[in-house]
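Coordinates in review
Residue strings, one per chain:
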Amino acid sequence: MRTLTLTRPDDWHIHLRDGDYLCQTVKDVARQFGRAIVMPNLSPPVSTVADAAAYRGRILDCVPSGDAFEPLMTLYLTPGTTIDDIAAASSADFVAGCKLYPAGATTNSDAGVSAITDLYPIFEAMQKGQLPLLIHGEVTDPTVDIFDREARFIDESLDPIRRQFPELKIVFEHITTREAVDYVRGQSPHLAATITAHHLLYDRTDMLGSGMKPILFCLPILKRDSHQRALIDAATSGDPSFFLGTDSAPHPRSKKENACGCAAGCYTAHAGIELYAEVFDAAGHLDRLEAFASHFGPDFYGMARNQSQITLVEEPWTAPQTLPFGNEQLMPLRGGEVIRWQMMQTPVAPS
Ligand code: NCD
Ligand code: ZN
């Protein structure tokens, strides 16, 4: 039986939600990951350091005893974000960056920004304060085909931001296209991209080819298989510009399996690292999983790598079909199906 021991990984992009949902998501992420960058798209959004501090406290209250998990917080950029908000964020050590949502691009993005250039004074302050900018990179023009929205964003918004603010650290989140891979690859130590497990495992034919599968609907939407292959090549290449961000984004079953429109987001926190292990193994590059999952993220953000380790074992298991989610049900990715790798449980230290 093959095993793989690696530095404990971090998740550089996750949605934990709040309220009755929070302790379920925190339990899952804290089991595997040392740290996670927590997305701010609550309703209302986490847009100030005070909001982030309060949300962080609620997350920490949910961390199971025995798990050492550190939430890294983000602020949601809105048209009302001020230079003072950025100054406060730069000096708050628990805030890792600010998230740009083009208004209307995805779940809970209504509070986001329509005119990105209006934020240039904010980007200037972020560059000065060395605060990374995390971007949901899709244009929102409804006349642009949904499969083209990421590629269009590169030319229309991302490249102009990069030229104007070359020293600003930017993470192009959850990339899904060959164009994004080509844009990010080896360009600059200030530009990186996260890649999700589901975009590495699936393409649009998996989602639409044999009955529409709400469980695979997320944004940016799954693309054709040539893009999936470009993502796999990038993730497993050993290029430090690409690192792990699950974009695990839970929605109750009633909102996913809904004839009036399926909520966008895939839940992968129950098996985050195991799903990536499958991809790296299938690509013949299991030896490169550790760098992608545990080294390149902290290196980019200027943080220390985790000290502890986890061990994965090639022992197939069946993921639960449903998980509790407040008073509702959550359908995790691969629910009821076999996942080839699993993380060995370390005994919880007695308190
Ligand atoms: C995310 C969510 O549900 O919050 N949904 C998704 O499809 N990925 C938002 C996001 O990251 O786009
Ligand atoms: Zn996300």
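For the structure itself, look to the data block above.
Here goes a summary of the coordinates provided. (Residues numbered from 1 in each chain as written. Chains lettered and ligands numbered in written order. Predicted model: local features only at pLDDT ≥ 70, side-chain atom pairs only at ≥ 80, totals over all residues. Heavy atoms only, no water.)

Moving on, we get to the overall build of the protein. When helices and strands are counted, the protein shows 12 helices and 15 strands. The C-alpha atoms of the protein give 19 Å as radius of gyration, which agrees with the globular expectation for 351 residues (20 Å, within 12%). Its C-alpha atoms give the protein principal-axis dimensions of roughly 55 × 50 × 40 Å. Of all 351 residues assigned to the protein, the portion counted as buried reaches 58%. Sequence-distant contacts, at least 24 apart, represent 72% of the contacts inside the protein between residues at least 6 apart. For the protein, the accessible surface area stands at approximately 14,200 Å², while carbon and sulfur atoms represent 49% of it. (Helix = DSSP H or I, 4+ residues; strand = E, 2+ residues; numbered from the N terminus. Rg over C-alpha atoms; globule rule 2.2 N^0.38 Å. Buried < 20%, exposed > 50% of the residue type's maximum accessible area, 1.4 Å probe, protein only. Contact = heavy atoms within 4.5 Å. Areas by Shrake-Rupley, 256 points an atom, 1.4 Å probe, with all protein chains shown as cover.)

Along the chain, the position of T25 falls in helix 1 (residues 22-32). Given the relative accessible area of 1%, T25 is considered buried. T25 has contacts with H15, L16, P250, Y267 and F325, leaving out every residue within four places of it along the chain.

This next bit is on the packing of helix 3 (residues 83-91) against helix 4 (residues 120-129). Where helix 3 contacts helix 4, the axes come no closer than 9 Å and their chain directions differ by 20°. The orientation of helix 3 relative to helix 4 falls into the category roughly parallel. Between helix 3 and helix 4 lies a crossing whose hand is right-handed. Of the residues in helix 4, those touching helix 3 at I83, I86 and S90 are P121, I122, A125, M126 and G129. Of the residues assigned to the contact of helix 3 with helix 4, the class counts are 6 nonpolar, 2 polar and no charged. (Axes fitted to C-alpha atoms, helices over the stretch in contact; angles between N-to-C directions. Parallel < 35°, antiparallel > 145°, perpendicular 65-115°, else oblique. Left-handed = near helix turned anticlockwise from the far one by under 90°. Nonpolar A, V, L, I, M, F, W, Y, C, P; charged D, E, K, R; others polar.)

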